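Summary of structural features
So you can see what is in the structure, the chains are spelled out below.
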Amino acid sequence: MKILKFGGTSISNAESIDRLTEIVTDQRKEKEPLIIVTSALGGITNQLLEMASEAEIGNSFDRPLKEIEDRHLEIIHELIPAKRQNPIIMQIKLYLNELEELLQGVRAIKELSLKTRDNILSYGELCSTFMISGILSQKFPNIQFTDTREVFLTDSQFGKAQVKLTETQENIQKLFHGRSSELFCATGFIARNELGQTTTLGRGGSDFTAAIFGSALDADEIQIWSDVDGFMTADPRMVKRAFSLKEISYTEAKELSYFGAKVIYPPTMIPAFAKNIPIRIKNTFNTDFPGTIIHHNTKKNGHPVRGISSVEQVSLVNIQGSSLVGNSGFSGRLFAMLSRYDINIILITQASSEHSITFAISPADTEKAKRVLYTEFEMELLTHKIDPPKIDENLSIVAIVGENMNHTTGISGNLFHALGRNGINISAIAQGSSEYNISVVIERNNLAKALNVLHEAFFLSAVKTLNVFYVGIGNIGKTLLEQIKQHKEHLYENNALRIQMIGLTNSRRMLFKPEGFEIADWESLFEEGGKPADLDLFIEKMKKLNLPNSVFIDNSASEHIVSYYEDILKSNISVVTCNKIGNSGSYDQYKRFKNAVRKHGVDFFYETNVGAGLPIIKTLKDLMISGDRIVKIEAILSGTISFIFNNFKGEEHFHSIVKEAQDNGFTEPDPRDDLSGLDFMRKMLILARDSGHEMEMDDINMQNILPESCMTAPDVASFYQELEKADTHFEKIKKDAEAAGKVLRFIGLMENGEVSISLKAVDDTHPFYALSGSDNIIAFTTERYTADCPLVVKGPGAGAQVTAAGVFADLVKVGAE
């Protein structure tokens, strides 16, 4: 025997009831007995509650009553031939006439008792079940309509009556004795007390009805048909990559259901658990999908966590004070009082000092809890033995559940690391000694983020998704987008890293897609779907989305964008930038960035600030982390200046080499922007700060290469005229160096806490002697890498390709953290 329960979403219209018929037909192929338990049509129970409330205050309920009648009649007309409709329609009308009389009575006396409300609600199940039994009778003439009030006996706790299991099971066994080959269609949710008065079983009561039938008749399986593909690893409305679970244990199902997974009502499993009857969750609208089976002997699925569940809205109550310490009766008194006032506790935790007790309750109970706490503990509050209760609202609970968590080390660590890494603060923690469930209370606005973070950590640990917000689509920005597009699949397959582009902006337009967009389509999307640029709005939307593993990439050279860095970092969003202005601004700003990174556990990567694609910042940090001490840093960190002095030899004139550098695209439109050394100074300042020196730009001793007349020339043409006039000056410097067997190099030096940049002549013992082209070079002299053999990093230090590659490497590094 099988028990099939269909919820309201599975029987909301003629099409869905047609599917129910197909399901029942398929299940009857083996001629085994079936009991079909049905709820009210989708939405009807809520409609009945609203009608009862309207009647209580004297309002009309005629229109919704007519709507209920029309819904049932429409289904009957569509699914039952006209000649067979009359008896079913007559019974539906009879039920609705009784319902109307009840509502008229409520309106007359303007009072709605729980007993009357239960009676009103029963008509949703009666109408739907009788109608469905009539529809099924076309294929199964011997089907029996069963009003569960004939067999289900409860107490008189109207609204959520407790079933008297022994008597009810005996009644069921008597009713079904000798009728093992038949088909029954039974109402869910409703029962009666010993006086014959209608009661209801509360939320999920139809599930419970099905389980009690299954237990009483030793069913082979209980099937719960709804609109979901069984239990899922997380709420699919919030976690797009959630997937269905093939099987879970009774304990796991109970824990997940208790913490918000509205797939099955937790008490449903008690009768099934007692008889070891499997419960299968199936989707009426996806019948081929196997769904989830709940049973005892589940297999390990490769994950220590079986599922992640949540309660979207809770309030957290904290009581603390000296009266709690060592007072063995306080907790009992507190919980007895909450029980007395029907305040359900969702989660509880207590400090080992016994100085405080914290518990979570439904927001609907918040004011009542506050009122009764002040009343019950009035004396303790007046004598300051306990502090006034502190109640925090707008909170949520997230719970990770799984029997495999038991004695598995590192689960809590992974949980807290994943949440902390994304800036999700935990207000309370609870874990049972069984280790099947770890629950945390967090701010409600972080719920979706927390679910996605934990789902990735426990179920998709092989793949990490970075949600990218991108500023700057110039030469470097476009090159980086192309590099990401080319290597996206490689990163996914070989580095388990998924890059999801969410936002893209420049000074003109911006594109924002919360669900992400394909990098390959960025240009057409940007032009066709982009909005006018608004950096304030772009940053605000990025923060408001609150996505896990968010990364802000700055490919600009804008001081204005840098002004947002601190706020972005404090919003738990990592920053990757090639913009030097941020780290070379004031030292106070530099420290604020570093403090925000440290406090909020995010990344701030800027390798390209100093050497484009060269690993200069990384090398410096690795040396310092390993305990080495920096003695001296020598560097040539300008590709333009490197090219000029590497080629200023023999018969070449200085002004012609500068012009050649400009013609080759190595300089800015005005070469003085490069030859002024400002960019070089910024790089040396960043190196000095990352080496641990508190330094400002003014502290750097910079030797000007160019005569004053060149720097003050009114335009580029005049600059070249003045530079040509200075040929004698540069020629003498070159000849003096060549005469001594040396070459000219413009070198930055950090030593003894001081930084200078000057033109030097170096011989063939110096690591910079053989430098060629436009390469950058840096030499680290440390306690381990001595002056005789410094650590040298050399290579291209400019250009869109290598700079974009450096930013790309930093982005991948965020994914590896």
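What comes next concerns the included structure. (Residues numbered from 1 in each chain as written. Predicted model: local features only at pLDDT ≥ 70, side-chain atom pairs only at ≥ 80, totals over all residues. Heavy atoms only, no water.)

Our next topic: the overall build of the protein chain. Each helix and strand in the protein chain was counted, giving 30 helices and 29 strands. Taking 2.2 N^0.38 as the reference for a compact globule, 817 residues should give roughly 28 Å; the C-alpha atoms of the protein chain span a radius of gyration of 37 Å, well beyond that estimate. Its C-alpha atoms put the protein chain at 115 × 70 × 55 Å along the principal axes. Per-residue burial for the protein chain yields a buried fraction of 53% across its 817 residues. (Helix = DSSP H or I, 4+ residues; strand = E, 2+ residues; numbered from the N terminus. Rg over C-alpha atoms; globule rule 2.2 N^0.38 Å. Buried < 20%, exposed > 50% of the residue type's maximum accessible area, 1.4 Å probe, protein only.)

With that settled, the discussion passes to the sheet that holds strand 28 (residues 775-782). Here we have six strands laid out as an open sheet, ordered 25-27-26-24-28-29, and mixed in their pairing. The sheet is open, and its two edges are formed by strand 25 (701-702) and strand 29 (791-796), each paired on a single side. Pairing of strand 25 with strand 27 (residues 754-762), which is carried by two bridges, proceeds in the parallel orientation. When the bridges of strand 27 are listed, methionine 702 appears paired with isoleucine 757. Docked against the sheet, helix 26 (residues 678-690) engages strand 24 (630-636), strand 25, strand 26 (743-751), strand 27 and strand 28, running at close to 35 degrees with respect to strand 26. (Pairing = 2+ DSSP bridges. Contact = heavy atoms within 4.5 Å. Axes fitted to C-alpha atoms, helices over the stretch in contact; angles between N-to-C directions.)

Before going further, it helps to spend a moment on the layout of surface pockets. Roughly 1,000 Å³ of internal volume is contained in the second largest pocket. Lining the second largest pocket are 39 residues, with Lys580, Glu668, Asp679, Ala798 and Gly799 sitting closest to its centre. Of all the secondary structure elements, the ones that give two or more residues to the lining of the second largest pocket are helix 15 (475-495), helix 21 (608-611), helix 23 (639-647), helix 25 (672-675), helix 26 and helix 30 (800-816). The residue inventory of the lining of the second largest pocket, partitioned by class, reads 14 nonpolar, 18 polar and seven charged. (1 Å grid on protein atoms, 1.4 Å probe; cavity = no way out; pocket = protein on both sides within 12 Å on 5 of 7 lines; lining within 4 Å. Points joined across faces, edges and corners; volume = space filled by probe spheres on them. Nonpolar A, V, L, I, M, F, W, Y, C, P; charged D, E, K, R; others polar.)

Moving on to the sheet that holds strand 16 (residues 437-443). In space, the six strands of this open sheet follow the order 12-13-11-14-16-15, with antiparallel pairing throughout. Two strands lie at the open edges of the sheet, namely strand 12 (345-350) and strand 15 (426-431), each paired on one side alone. Averaged over all neighbouring strand pairs, the angle between strand axes comes to 30 degrees, with direction disregarded. Pairing between strand 12 and strand 13 (residues 356-361): five bridges, direction antiparallel. Looking across to strand 13, one finds that leucine 347 is bridged to alanine 360.

The next subject is the environment of aspartate 775. Among the secondary structure elements, aspartate 775 is positioned in strand 28. By relative accessible area, which is 16% here, aspartate 775 ends up buried. Separated by 23 residues in sequence, aspartate 775 and alanine 798 have C-alpha atoms that sit 8.1 Å apart. Ignoring any residue separated from it by four or fewer positions in sequence, one finds aspartate 775 in contact with Ser642, Lys794, Gly795 and Pro796.

What follows covers helix 4 (residues 86-109). Across its 24 residues, helix 4 extends 35 Å between first and last C-alpha, which sits within 8% of the 34 Å expected from 1.5 Å per residue. Listing the buried residues of helix 4 in full gives Ile88, Ile89, Ile92, Tyr95, Leu96, Leu99, Leu103 and Val106. Those residues of helix 4 that are buried are in contact with helix 2 (44-56), helix 3 (62-79), helix 5 (114-136) and strand 3 (144-146). Downstream of helix 4 by one or two residues, lysine 110 has phi in the positive range, about 50 degrees. (Expected span 1.5 Å × (residues − 1).)

To continue, consider the nonpolar core. Within the largest apolar cluster, 78 residues are counted, with the highest numbers of intra-cluster contacts made by Phe552, Phe645, Phe654 and Leu687. Counting residues per element, this core draws most heavily on helix 26, at seven residues. Not counting residues up to four positions away in its chain, the partners in contact with phenylalanine 654 are Ile644, Phe645, Phe648, Ile705, Leu706, Leu723, Asp727 and Phe730. (Core = buried A, V, L, I, M, F, W, Y, C linked by side-chain atoms within 4.5 Å.)

This next bit is on the pairing of strand 17 (residues 464-471). Most of strand 17 is tucked away, with eight of its eight residues classed as buried. One ladder, built from eight bridges, connects strand 17 with strand 18 (residues 497-505); its direction is parallel. The residue of strand 18 that forms the bridge with phenylalanine 469 is glycine 503. Crossover connection from strand 17 via helix 15 to parallel strand 18: handedness right-handed. By the bridge criterion, five bridges tie strand 17 to strand 21 (residues 550-554) in an arrangement that is parallel. (Right-handed = clockwise from strand over helix to strand, strands pointing away.)

This part covers the side chain of asparagine 318. Residue position: asparagine 318 is located in strand 11 (residues 307-320). Taking relative accessible area as the criterion, asparagine 318 reaches 18% and is therefore assigned buried. Separated by 2.6 Å, the side chains of asparagine 318 and threonine 358 make a polar contact. Excluding its chain neighbours within four sequence positions, the residues that come into contact with asparagine 318 are Ser356, Ile357, Thr358, Pro389 and Lys390. (Polar contact = N/O pair within 3.5 Å; in protein donor to acceptor, adjacent residues only side chain to side chain.)

With that settled, the discussion passes to the packing of aromatic side chains. Scanning the model with the defined rule gives 23 aromatic pairs in all. Ring geometry for phenylalanine 130 and phenylalanine 145: centres 5.3 Å apart, planes at 85 degrees, overall edge-to-face. Linking phenylalanine 130 in helix 5 with phenylalanine 145 in strand 3, this pair joins segments that are 15 residues apart in sequence. Ring centres of phenylalanine 719 and tyrosine 720 lie 5.1 Å apart, and the angle between their planes is 55 degrees; on these two criteria the pair is classed as tilted. Here phenylalanine 719 and tyrosine 720 have matching classes, each one buried. (Phe/Tyr/Trp six-rings, centres within 6.5 Å; stacked < 30°, edge-to-face > 60°.)

Let us look at the packing of helix 2 against helix 3. Where helix 2 contacts helix 3, the two axes come as close as 10 Å, and the packing angle between them is 160 degrees. Here helix 2 lies roughly antiparallel to helix 3, going by the angle between them. Between helix 2 and helix 3 lies a crossing of left-handed hand. Of the residues in helix 3, those in contact with Ile44, Gln47, Leu48 and Met51 of helix 2 are Pro64, Leu65, Glu67, Ile68, Arg71 and His72. (Parallel < 35°, antiparallel > 145°, perpendicular 65-115°, else oblique. Left-handed = near helix turned anticlockwise from the far one by under 90°.)

Our focus in this paragraph is the pattern of salt bridges. Taken as a whole, this structure holds 39 salt bridges when the rule is applied. The salt bridge partner of lysine 93 is glutamate 69, with a shortest N-O separation of 2.5 Å. With lysine 93 in helix 4 and glutamate 69 in helix 3, this pair connects stretches of sequence that are 24 residues apart. Lysine 93 gets classed as partly exposed once you look at its relative accessible area, which sits at 32%. Glutamate 69 sits in the buried class, given a relative accessible area of 18%. Glutamate 380 serves as the salt-bridge partner of arginine 333, at 2.6 Å between the closest nitrogen and oxygen. Taken together, the residues span a long stretch of sequence, with arginine 333 in helix 10 (residues 330-340) and glutamate 380 in helix 12 (residues 378-382) at a distance of 47 residues. Assessed through its relative accessible area of 31%, arginine 333 is described here as partly exposed. Given the relative accessible area of 11%, glutamate 380 is considered buried. Shared partners join several salt bridges into a network, and the residues in it are Arg333, Arg340, Glu376 and Glu380. (Salt bridge = Lys/Arg side-chain N within 4 Å of Asp/Glu carboxyl O.)

As a further point, take empty space enclosed by the protein. Taken as a whole and judged by the stated rule, the model has three cavities of 30 Å³ or more. Approximately 80 Å³ is the volume attributed to the largest cavity. The wall of the largest cavity is formed by Arg421, Asn422, Lys464, Leu466, Asn549, Ser550, Asn572, Ile573, Ser574, Gly601, Val602 and Val814. In terms of residue class, the lining of the largest cavity is made up of four nonpolar, six polar and two charged.

Another aspect to go through is the state of the cysteines. Scanning all chains against the criterion turns up zero disulfides. No disulfide involves cysteine 185; its nearest neighbouring cysteine sulfur is the one of cysteine 127, lying 13 Å away. (Disulfide = S-S within 2.5 Å.)

Right, let's talk about unusual backbone geometry for a bit. Excluding glycine, residues mostly carry a negative phi; peptide bonds, for their part, are mostly trans. At asparagine 549, a residue that is not glycine, the phi angle is positive and equals roughly 50 degrees. Turning to its location among the elements, asparagine 549 is positioned in the loop between helix 17 (535-545) and strand 21. Positive phi is not limited to glycine here, since asparagine 572 has a value of about 65 degrees. With respect to the helices, strands and loops of the structure, asparagine 572 is situated in the loop between helix 19 (565-570) and strand 22 (574-577).

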